[in-house]
Amino acid sequence: MRIKLLLLLCTVMLITGVCAAQNNMYQAAANFLQLLTDAQRNKTMYPFDSSERYTWHFVPKDDRKGLSINEMNGLQKQAAIDLMKTAFSTEGYAKANAIMGLEKVLKQIENRAANDNYRDTGKYFFTIFGQPSATDIWGWRIDGHHLSFSFCSASNRLVSGTPGFFGANPALVLNGPEKGTEILKEETALALTLLQSLNSSQLQQTIIDSIAPGDILTYNNRVAMIAHPQGLSYANMSKEQQKIFMQLLSVYIHRYTHLFAASMMKDIEKAGLNQLQFAWAGSKENGPGHPKYYRIQGPTILIEYDNTQNNGNHIHSVIRDLKNDFGGDQLMAHYKSSH
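Residues numbered from 1 in each chain as written. Predicted model: local features only at pLDDT ≥ 70, side-chain atom pairs only at ≥ 80, totals over all residues. Heavy atoms only, no water.

Side note on the overall build of the protein chain
And step 1. Helices and strands together make up the secondary structure of the protein chain, namely 10 helices and 13 strands.
And step 2. By the compact-globule yardstick of 20 Å for 339 residues, the protein chain fits well, its C-alpha radius of gyration being 21 Å.
And step 3. Projecting the C-alpha coordinates of the protein chain onto the three principal axes gives extents of approximately 70 × 60 × 40 Å.
And step 4. Looking at the 339 residues of the protein chain, the share that counts as buried comes to 51%.
And step 5. Look at the contacts in the protein chain between residues 6 or more apart in sequence, and 66% of them connect residues 24 or more apart. (Helix = DSSP H or I, 4+ residues; strand = E, 2+ residues; numbered from the N terminus. Rg over C-alpha atoms; globule rule 2.2 N^0.38 Å. Buried < 20%, exposed > 50% of the residue type's maximum accessible area, 1.4 Å probe, protein only. Contact = heavy atoms within 4.5 Å.)

Okay, here's the thing in structure tokens:
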């Protein structure tokens, strides 16, 4: 009897935790909007079916839509941070925050004047699509240099968090007060560990080119598509290699909150881990001066990593959900039918 009561209590706590985690995003978005002026709210909000929802980029731009951090007061900035924390894991938020901070490092490296705002930690824009709701469909986006994520919620459940882009320039800070900083170290180190564990036969399947492409192949395309998957399949890895591979995959998946990451991983496993492929191009060495590229591709997921620019010291990495990017076609069809 005592065991049954304990199991029931654990179930109730789990359900309560799930509901609380799901409510947080809606409440955080509503709180953020409430703190804005009418003019700011008009800049921030778009209809859910707006074409703007599919616009995203990871390079410095002056024509981004939404409300920038620079335009917010202290309370509004904190509300924006609170919204981010409902979607990112602790590690994911820390990386996002550090990526924004790299703008200061770039400004120093490029010897820009104090009044030059090309590199600016405040040029990250928040946009909300639809009306935040516990019952309806809505979404939001954070978009700026080297940081761009799109989120969609339906019936108070996060259903999509992609495209999800993290970049780092420099990938490894070589000089100055931030020397040694390497924000996307795990994404690099685990992939190299996996590559270096492969035998000659596996390497022949894995390496698709001796020269890495100049950027992620899907870039900021509306649809993430690499027509002909290549590389070494999960099925053809040893148990130890599979363990390393799953650690690498987990780094990308766990950019998100635990609950959403678990849901995404469940979809990947349901589609079949053996269908996943790991492909590599370029240098097999670590550090600046060794341009490299890799990707993980399966029926539901596409991950790309490219470190070629600035002499192999400038990372672009992206995760795309091939079923649910931008919420997916089914979510949009449901939205249109119900509105």
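Points about the side chain of His145
And step 1. Its place among the elements puts His145 in the loop between strand 4 (137–144) and strand 5 (147–154).
And step 2. A distance of 3.5 Å separates a polar atom in the side chain of His145 from a polar atom in the side chain of His146.
And step 3. Apart from the residues lying within four places of it in its own chain, the contact partners of His145 are Phe58, Val59, Pro60, Arg64, Ile99, Glu103, Leu106, Arg119 and Tyr124. (Polar contact = N/O pair within 3.5 Å; in protein donor to acceptor, adjacent residues only side chain to side chain.)

As for the environment of Ile128
And step 1. Along the chain, Ile128 turns up in strand 3 (residues 125–129).
And step 2. Residue class for Ile128 comes out buried when judged on its relative accessible area of 1%.
And step 3. Sequence spacing of Ile128 and Phe48 is 80 residues, and the spatial spacing of their C-alpha atoms is 8.2 Å.
And step 4. Once residues within four sequence positions are removed from consideration, Ile128 is found in contact with Ala29, Phe32, Leu33, Thr44, Met45, Tyr46, Trp138, Gly139 and Trp140.

Concerning the packing of aromatic side chains
And step 1. A full pass over the atoms with the stated rule returns 22 aromatic pairs.
And step 2. Between the aromatic rings of Trp56 and Phe165, the centroid separation amounts to 6.5 Å while the plane-to-plane angle is 55°, which identifies the pairing as tilted. You can see Trp56 sitting in the loop between strand 1 (45–46) and strand 2 (67–68) and its partner Phe165 sitting in strand 7 (residues 164–168), a full 109 residues away along the chain.
And step 3. Exposure remark for Trp56: the relative accessible area of 2% places this residue in the buried category.
And step 4. Note on Phe88 and Phe166: the rings are 6.2 Å apart at their centroids and 15° apart in plane angle, and the pair reads as stacked. With a gap of 78 residues between them, Phe88 in the loop between helix 3 (74–85) and helix 4 (90–109) and Phe166 in strand 7 connect regions that are remote in the sequence. (Phe/Tyr/Trp six-rings, centres within 6.5 Å; stacked < 30°, edge-to-face > 60°.)

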